[in-house]
Amino acid sequence: MTDCIFCKIANGEIPSKFIYEDDKVAAFNDLNPQAPVHFLVIPKKHYASLNDIDSKEAFADIFSAIPKITAKLGIKEYRTVVNTGASAGQTVFHIHVHVMAGREFTWPAG
Ligand code: 5GP
Ligand code: ZN
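Residues numbered from 1 in each chain as written. Chains lettered and ligands numbered in written order. Predicted model: local features only at pLDDT ≥ 70, side-chain atom pairs only at ≥ 80, totals over all residues. Heavy atoms only, no water.

Colleague: How do you make sense of the overall build of the protein when you look at a structure like this?
Modeller: When helices and strands are counted, the protein shows 2 helices and 5 strands. The N-to-C order of helical and strand elements in the protein reads α-β-β-β-α-β-β. In terms of overall size, the protein behaves like a compact globule, its C-alpha atoms giving a radius of gyration of 13 Å where 110 residues would be expected to give roughly 13 Å. Seen through its principal axes, the protein has C-alpha atoms that stretch 35 × 30 × 30 Å. Put simply, the protein shows about 6800 Å² of open surface, and 55% of that area lies on carbon and sulfur atoms. Of the charged side chains in the protein, 11 are positive and 12 negative, and the gap between their average positions amounts to 5 Å. (Helix = DSSP H or I, 4+ residues; strand = E, 2+ residues; numbered from the N terminus. Rg over C-alpha atoms; globule rule 2.2 N^0.38 Å. Areas by Shrake-Rupley, 256 points an atom, 1.4 Å probe, with all protein chains shown as cover. Lys, Arg positive; Asp, Glu negative; His and termini not counted. Charge placed at Lys NZ, Arg CZ, Asp CG, Glu CD.)

Have a look at this one:
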């Protein structure tokens, strides 16, 4: 999608340091981290939100990357968040999973 910041990060139009990449997904540190570790996992294909994911494979591609990345970082406990829609806190409309670690997390989320 032409005007999507995460598509531009995924396709290299905006140079970024990936902490993980394969043919389907990329992961990079959040610009405004909310925890000592805070990265985002995105599919390279544009889906505006969780509501638009159209295949089990797309879910699997995104979520199966997470334990690979956390293992590489030596992290066993972490919070994953997927905000869907503006009222849930979504500000970038290219699906992404937040992965946060390195501090205590409270529940319920705010
Ligand atoms: P959302 O609020 O949509 O769930 O999360 C969007 C996240 O993307 C925010 O945590 C924000 O800090 C992050 N973000 C927005 N623009 C950029 C960017 O250009 N680069 C990076 N690395 N993160 C971004
Ligand atoms: Zn996009």
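Colleague: Any chance you could explain the sheet that holds strand E3 (residues 37–43) here in plain terms?
Modeller: Picture the strands of a sheet paired through backbone hydrogen bonds; they go either parallel or antiparallel. If you walk across this open sheet you meet the 5 strands as E1-E2-E3-E5-E4, and the pairing is antiparallel. Taken across any chain shown, the strands that pair with only one partner, and hence form the sheet edges, are strand E1 (18–21) and strand E4 (79–81). Taking each pair of neighbouring strands and ignoring which way they run, the sheet shows an average axis angle of 20°. With 5 bridges joining them, strand E2 (residues 25–29) and E3 adopt antiparallel strand pairing. (Pairing = 2+ DSSP bridges. Axes fitted to C-alpha atoms, helices over the stretch in contact; angles between N-to-C directions.)

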